[in-house]
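# Reading the structure
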Amino acid sequence: FRVSLHGYREVISKQLAFCPAMSAPPKVRVGVLGAMVVDTFTRVPSIPRAGETVLAFRSQPGKRDRYAGGKGLNQAVAAAKAGADSRMFGRCGNDSNGRLLLSSLDGAGVERSNVVVADSEKSGWAHVYVDEGGRNAIFVHLEANLGVSRELVETRSSFFEDIDLLLLQGEVGMEATSKAARLASDFGVLVVVNPAPAPPFVSNYTLGSSVLALGQVIVPNCIEATQLLRKRFDEACAQTLSPANAAQALLAAYPNLHAAVVTNGDSEGRSQSRNGKETCWQAHASNAVNETGAGDAFCGAFSAFLGQYLVNVGEAKGVSEKRARLAEFLPSPLFDDALSVSINAGSIAGALCVEQEGTADAMPTLKDIADHILCNSGPAEQVLARLAQ
């Protein structure tokens, strides 16, 4: 697809701070409300089916099997590593797992003053089974994450006032997620919804729909998009939709959306904007060892690049004294340029992530993304990556 060279130059060079002589715009402030869990990995020959017992591979001496994770934490870390001023809103327990989660946020430079540490509760944890092809099955115990409530969100409303972009998922309660979307929308914050997992949006459809009604950008995969649309149109979608059909149907189903970005694993993805621009991309090639955090890597890097591009636009328009609200740029063709840049960055981040062990630890840095553009993309991106150095 067509990539804006100007967009890459603005985003990559200024986020990497490779051009100290330039007056860089402020970093985009990405807020993430979501779950934080410790992932315990088990390697298996194949994912067990119902009623099947599978013997796991022997653990390798010296190799870790516990990593910080959860969609919220993963995406906050991914955004921070991609150059954003990333801020986490969530809950964990005052236990060894909680300390691992907080250490992961600190190591990535994620601001966590709105992470509540509950003394009397366990931190969230998950079993992650990974087969020889890198595919996974995940069982999540939310524990302290269940305390992310509407009331907690209301008492910390300043979190939503002080960000540029809010990234939401489906692992914490829909009441809290819906209230967060409402507060962010009232403050003029750009709301990006990753409806994963989809069942909470479907089972509590009234609240789930309210989140989607307040979002401006939705980033599902094909299966999640189909689940949402099946509920919206009373089981009309019998088969999993293609990315193109899903993107078009989501825009038709939710008039507030300005863009639907539908991923499709290691196959072709598609986005559609309200301005009429359609973007098609092929997932970047990778040697997958663990697919667990791929979607989170995409969403975090995508949000960091999208937000930074629009912050740069606001700076160029001379609105730095009063920070521009990113939602103001949605009707503009500049938003379509930002989408193209951000999708490519997200796709690269997802491809790099699956080549590493772990979840949050596997999120690539901005330099990783820029180096990958240099090595594996077209001439325009190669020129840009050189200019950024």
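Here goes a summary of the coordinates provided. (Residues numbered from 1 in each chain as written. Predicted model: local features only at pLDDT ≥ 70, side-chain atom pairs only at ≥ 80, totals over all residues. Heavy atoms only, no water.)

### Points about the sheet that holds strand 9 (residues 190–193)
The strand order 5-4-1-8-9-10-11-12-13 describes an open sheet built from 9 strands, whose pairing is mixed. At either end of the open sheet lies a strand with only one pairing partner, and these are strand 5 (111–118) and strand 13 (278–282). Against the sheet, helix 3 (residues 96–108) makes contact with strand 4 (85–93) and strand 5, and its axis sits at roughly 175° relative to strand 5, the strand it touches most. (Pairing = 2+ DSSP bridges. Helix = DSSP H or I, 4+ residues; strand = E, 2+ residues; numbered from the N terminus. Contact = heavy atoms within 4.5 Å. Axes fitted to C-alpha atoms, helices over the stretch in contact; angles between N-to-C directions.)

### What about helix 2 (residues 71–81)?
Taking burial as the measure, the 11 residues of helix 2 include 10 buried ones, the bulk of the element. Buried within helix 2 are the following residues: Lys71, Gly72, Leu73, Asn74, Gln75, Ala76, Val77, Ala78, Ala79 and Ala80. (Buried < 20%, exposed > 50% of the residue type's maximum accessible area, 1.4 Å probe, protein only.)

### Comments concerning the packing of helix 6 (residues 174–186) against helix 8 (residues 205–214)
At their nearest, the axes of helix 6 and helix 8 sit 9 Å apart, and the two run at 25° to each other. The angle between helix 6 and helix 8 falls in the class roughly parallel. When the axes of helix 6 and helix 8 are compared, the crossing they make is left-handed. Here helix 6 contributes Met174, Glu175, Thr177, Ser178, Ala181, Arg182 and Ser185 to the contact with helix 8, which in turn contributes Leu207, Gly208, Ser210, Val211 and Leu214. Residues of the contact of helix 6 with helix 8, tallied by class, amount to 5 nonpolar, 5 polar and 2 charged. (Parallel < 35°, antiparallel > 145°, perpendicular 65-115°, else oblique. Left-handed = near helix turned anticlockwise from the far one by under 90°. Nonpolar A, V, L, I, M, F, W, Y, C, P; charged D, E, K, R; others polar.)

### Describing unusual backbone geometry
Excluding glycine, residues mostly carry a negative phi; peptide bonds, for their part, are mostly trans. With an omega of -5°, the peptide bond running from Ala196 to Pro197 counts as cis. With respect to the helices and strands, Pro197 occurs in the loop between strand 9 and helix 7 (199–203). Of note, the phi angle at Glu143 is positive, near 50°, even though the residue is not glycine. Within the secondary structure layout, Glu143 lies in the loop between strand 7 (136–141) and helix 4 (150–155). Looking at Glu143, the relative accessible area reads 30%, which means it is partly exposed.

### Observations regarding the side chain of Gln169
Following the sequence through the fold, Gln169 ends up in the loop between strand 8 (165–168) and helix 6. In contact with Gln169, not counting residues within four places along its chain, are Val32, Leu33, Gly34, Ala35, Lys71, Gly72, Gln75, Met174, Thr177, Asn194, Ala196 and Phe201.

### Some words on the sheet that holds strand 6 (residues 124–130)
Taken in spatial order, the 4 strands make up an open sheet running 3-2-6-7, and their pairing is mixed. One side of each edge strand has no neighbouring strand; the edge strands of this open sheet are strand 3 (66–69) and strand 7. For this sheet, the mean angle separating the axes of adjacent strands, direction not counted, is 25°. Relative to strand 7, strand 6 runs antiparallel, the two being bridged by 6 bridges. Across the sheet, Trp125 pairs through a bridge with His141, a residue of strand 7.

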